[in-house]
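# Structural description and commentary
What follows is the residue order along each chain.
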Amino acid sequence: MADETSVKVSSAARDRLAVLAAEGNTTIRQLVEDLAEGRPTQAEYAERAAQARAELASVLGSVPSEEAEAKARGLLERLAAGQGSAAA
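Residues numbered from 1 in each chain as written. Predicted model: local features only at pLDDT ≥ 70, side-chain atom pairs only at ≥ 80, totals over all residues. Heavy atoms only, no water.

### Some thoughts on the overall build of the protein chain
- Looking only at helices and strands, the protein chain features four helices and zero strands.
- Tracing the protein chain from N to C terminus, the helices and strands come up as α-α-α-α.
- Taking 12 Å as the expected radius of gyration for a compact globule of 88 residues, we find that the protein chain reaches 19 Å, considerably beyond that expectation.
- By its C-alpha atoms, the protein chain is 50 × 35 × 20 Å across when sized along the principal axes.
- Sorting the 88 residues of the protein chain into buried and exposed places 5% on the buried side.
- Total accessible area on the protein chain is roughly 7600 Å²; 55% of this is exposed by carbon and sulfur atoms.
- Distance from the positive charge centre (10 side chains) to the negative charge centre (14 side chains) of the protein chain: 6 Å. (Helix = DSSP H or I, 4+ residues; strand = E, 2+ residues; numbered from the N terminus. Rg over C-alpha atoms; globule rule 2.2 N^0.38 Å. Buried < 20%, exposed > 50% of the residue type's maximum accessible area, 1.4 Å probe, protein only. Areas by Shrake-Rupley, 256 points an atom, 1.4 Å probe, with all protein chains shown as cover. Lys, Arg positive; Asp, Glu negative; His and termini not counted. Charge placed at Lys NZ, Arg CZ, Asp CG, Glu CD.)

Here it is, written out as structure tokens:
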């Protein structure tokens, strides 16, 4: 096996992870590994944003203004929170 380590969590968190693992027909280990691999870091988000800006610049000839980016970010946050409205 690859390098391994332990992660200490509360008993309540461990018990919840066990239930989630059982419901998903997987293991606690796999749940934690999936989380670590599947959730981008802040640096990865920043890299994706830079790539998106570069793509927009190549297609449109310019990048969105900071105001447009802020509006889009706000809309995405509202949608993620279930409060989305097409009219932002």
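### Concerning helix H4 (residues 66-80)
- The first and last C-alpha atoms of H4 sit 21 Å apart over 15 residues, in line with the 21 Å expected at 1.5 Å per residue.
- Positive backbone phi, approximately 80 degrees, marks Gly82, located one or two places after H4. (Expected span 1.5 Å × (residues − 1).)

### A closer look at the pattern of salt bridges
- As enumerated under the stated definition, the model contains five salt bridges in all.
- For Arg14, the salt bridge is made with Asp15, and the minimal N-O distance between the two is 2.9 Å.
- The partner of Arg53 in a salt bridge is Glu69, with the nearest N and O atoms 2.9 Å apart. A residue pair is termed long-range when its members are at least 10 positions apart, and Arg53 in helix H3 (residues 42-60) and Glu69 in helix H4 qualify at 16 residues.
- Classification of Arg53 by relative accessible area gives partly exposed; the value is 31%. (Salt bridge = Lys/Arg side-chain N within 4 Å of Asp/Glu carboxyl O.)

### Comments concerning unusual backbone geometry
- Phi angles above zero are rare outside glycine, and Asn25 is one such case at about 50 degrees.
- Mapped onto the elements, Asn25 comes out in the loop between helix H1 (11-23) and helix H2 (28-38).

### Section: the layout of surface pockets
- Size it by volume and the largest pocket reaches roughly 400 Å³.
- Along the walls of the largest pocket sit Asp3, Glu4, Thr5, Ser6, Val7, Val9, Arg14, Leu17, Ile28, Arg29, Val32 and Glu33, which together make up its complete lining.
- For the lining of the largest pocket, the elements supplying multiple residues, two or more each, are H1 and H2.
- Computed from the structure, the second largest pocket encloses a volume of approximately 320 Å³.
- Ala49, Ala52, Arg53, Leu56, Pro64, Ala68, Glu69, Ala72, Arg73, Leu76, Glu77 and Ala80 are the residues that line the second largest pocket.
- Mapped onto the lining of the second largest pocket, the elements with two or more residues apiece are H3 and H4.
- Class assignment for the residues of the lining of the second largest pocket results in eight nonpolar, no polar and four charged. (1 Å grid on protein atoms, 1.4 Å probe; cavity = no way out; pocket = protein on both sides within 12 Å on 5 of 7 lines; lining within 4 Å. Points joined across faces, edges and corners; volume = space filled by probe spheres on them. Nonpolar A, V, L, I, M, F, W, Y, C, P; charged D, E, K, R; others polar.)

### Brief notes about the environment of Val63
- Structurally, Val63 can be placed in the loop between H3 and H4.
- On the basis of relative accessibility, which here comes to 45%, the residue Val63 falls in the partly exposed class.
- Sequence separation between Val63 and Arg53 is ten residues; the distance between their C-alpha atoms is 5.8 Å.

No statement about biological role is implied by the geometric values presented.
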